[in-house]
Amino acid sequence: MSHLISLQEFDRETLYSIIERGLDIKRNPRKFDHACERTGLLMLFQKTSTRTSLSFQSGMGQMGGYTVNMDWDASNFSLSPIRYEARYVSRNCDLIVVRLKKHADLLELAEYSRVPVINGCCDKYHPCQALADLMTIYEVSGTFSGITVTYVGIHNNVANSLTAGCVVLGVKLLLVTPIVNEASWDEALMQKALRSGYVERVGSLAEAVPRSQFVYTDTWIDMEFFDDPQYQEEKRHRIQTMSPLQINPRNLGGHTPYIMHDMPIHPGLEIDESCIESERSIIYQQAENRMHVQKSLMLHLLQK
């Protein structure tokens, strides 16, 4: 039994095969109509969700399985040690996708689960998003060879899992990340990534964009803090610091990379609306691919 925690669990062959199968599922969805017949997916969420929730529910349903939605705060996970509840719920399902605030809680749940656990987002990693990102890059380019991606924004959970995936697949990743989410920082991952030669820290978009076929940005303020009155000072600081790095025509400097964003989008902050709606935007393709590659991931973890 294996889990998906960070995207560091997979070697190149495994990761490549999950992406290839995701593309096959996207092209030929009816082939997989009964691939998960009578298979149960527990969706255990502590944070709000649009793409993770909808894509997993739709994906499992389309493969003949079913989902059970459980709100962490409305369940006994909020009252009892995680290890006890994990032992129970994993006797009632075949897979668990969990979206939690704290990485440590995710690790404890996975340790005591009897079935594979998928990290649907925590403060340290977002591997399902990175899987969709990499599938989209491959779908658009037809290869990972010679590809360079710029990630511009806060160094966060998305940056970590994208870093892990790029190292495994040999994709060049330029990080333009002047602010780091403290809870997200993974020193061991970053040292390994920088030693690999595939990941590089870059100081400006002017340096990174001309080298890149893809430019990827993300929100500057995490969703749980966006409207938090106690976070407003930090929010102002982030906007002031990051505004010069907005994805807009001026900062692209006449270059035409594909534009990526993991959503939800805040137009006028991390990205200009003209770039969201441009013909080089693959944002919605990227979001759609969450479902297809997660179908493939679930089949892999279920050994189907």
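Look a little higher up for the structure.
The structure presented is a predicted model; accordingly, all values stated were derived computationally and were not measured.

*Asks:* Please clarify how the pattern of salt bridges should be interpreted in this entry.
*Replies:* Close approach of charged atoms allows side chains of opposite charge to pair. Scanning the entire structure with this criterion turns up eight salt bridges. Among the ionic pairs, E139 bridges to K26, the shortest N-O distance being 2.9 Å. Here the residue E139 occupies a position in helix 5 (residues 127-141), and K26 occupies one in helix 1 (residues 12-27), the gap between them amounting to 113 residues. Its relative accessible area of 22% is what places K26 among the partly exposed residues.

*Asks:* Looking at this structure, I do not really get the sheet that holds strand 4 (residues 117-119). What am I missing?
*Replies:* Whether parallel or antiparallel, the strands of a sheet pair through hydrogen bonds between backbone atoms. Here four strands make up an open sheet; going across it, the order is 2-1-3-4 and the pairing parallel. Because the sheet does not close on itself, it has two edges, and the strands there are strand 2 (66-71) and strand 4. Mean inter-strand twist for the sheet, computed between neighbouring axes without regard to direction, equals 20°.

*Asks:* Looking at this model, I keep getting lost on the sheet that holds strand 8 (residues 214-217). Mind explaining?
*Replies:* An order of 7-6-5-8-9 is seen for the five strands of this open sheet, with the pairing classed as parallel. Among the strands making up the open sheet, the edge pair consists of strand 7 (199-201) and strand 9 (258-261). Neighbouring strand axes in the sheet, compared pairwise and without regard to direction, differ in orientation by 20° on average. Of the pairings in the sheet, the one linking strand 5 (residues 148-155) to strand 6 (residues 172-180) comprises seven bridges and is parallel in character. Across the sheet, residue Y151 finds its bridge partner in strand 6, namely L175. Running at roughly 155° to strand 5, helix 6 (residues 157-169) makes contact with strand 5, strand 6, strand 7 and strand 8 of the sheet. Where helix 9 (residues 232-242) meets the sheet, it contacts strand 5 and strand 6, and its direction lies at approximately 135° from that of strand 6.

*Asks:* How should I be thinking about the environment of V176 in this particular structure?
*Replies:* Assignment of secondary structure puts V176 in strand 6. Among the residues examined, V176 registers a relative accessible area of 1% and is labelled buried. Spatially, the C-alpha atoms of V176 and I282 are 20 Å apart, while their sequence positions differ by 106 residues. Not counting the four nearest positions on each side in its chain, V176 is found in contact with T150, Y151, V152, G153, V202, G203, S204, L205, A208 and L245.

*Asks:* Help me understand the nonpolar core in this model?
*Replies:* Side chains that are nonpolar tend, in soluble globular proteins, to be buried together. Residues L7, I96, L109 and I118 are the most contacted members of the largest nonpolar core, which totals 73 residues. Take this core: its biggest share by element is eight residues, from helix 5. Contact partners of L7, with chain neighbours within four places excluded, come to L15, P127, A130, L131, L134, S161, A164 and G165. By size, the runner-up hydrophobic cluster in this structure holds 27 residues, among which are L174, V202, I259 and I276.

*Asks:* Please clarify how the packing of aromatic side chains should be interpreted in this entry.
*Replies:* Aromatic ring pairs are reported here in terms of the distance separating the ring centres and the angle at which the planes meet. Counting across every chain of the model gives five aromatic pairs. Seen in terms of ring centroids, Y151 and Y216 are 5.4 Å apart; in terms of plane orientation they differ by 70°. Their pairing is edge-to-face. With Y151 in strand 5 and Y216 in strand 8, this pair connects stretches of sequence that are 65 residues apart. The same class applies to Y151 as to Y216, namely buried. Linked through ring pairs, Y16, Y138 and F144 together constitute an aromatic cluster. Geometry around Y258 places R280 over its ring, the cationic atom sitting 4.0 Å from the centre.

Definitions and limits used
- Per chain, residue numbering runs from 1 following the sequence as it is written.
- Side-chain atom pairs in this predicted model are given and counted only at pLDDT of 80 or more, local residue features only at pLDDT of at least 70, and totals for whole chains, interfaces and linings cover all residues.
- Remark: hydrogens and water are excluded; side-chain values derive from all non-hydrogen atoms of the structure.
- In what follows, salt bridge is the name for a side-chain nitrogen of Lys or Arg lying within 4 Å of a carboxyl oxygen of Asp or Glu.
- Secondary structure follows DSSP: runs of H or I at least 4 residues long count as helices, runs of E at least 2 residues long count as strands, and numbering of each begins at the N terminus.
- Burial status follows relative accessibility: with a 1.4 Å probe on protein chains alone, a residue under 20% of its type maximum counts as buried, one over 50% as exposed, and anything between as partly exposed.
- Paired strands, as defined in this entry, are two strands with at least two bridges between them according to DSSP.
- Lines are fitted to the C-alpha atoms to define the axes, a helix being fitted only along its stretch in contact, and any angle between axes, read from their N-to-C directions, falls within 0 to 180 degrees.
- In this analysis, two residues are considered to be in contact whenever any of their non-hydrogen atoms come within 4.5 Å of each other.
- Side-chain atoms within 4.5 Å link the members of a nonpolar core, which is a set of buried Ala, Val, Leu, Ile, Met, Phe, Trp, Tyr and Cys residues.
- Side-chain rings of Phe, Tyr and Trp, where Trp is taken by its six-membered ring, are said to pair if the distance between their centres is within 6.5 Å; with planes under 30 degrees apart they count as stacked, over 60 as edge-to-face, and otherwise as tilted.
- Look at NZ for Lys and CZ for Arg. If either is within 6 Å of the ring centre and within 35 degrees of the ring normal, a charge sits over the ring.

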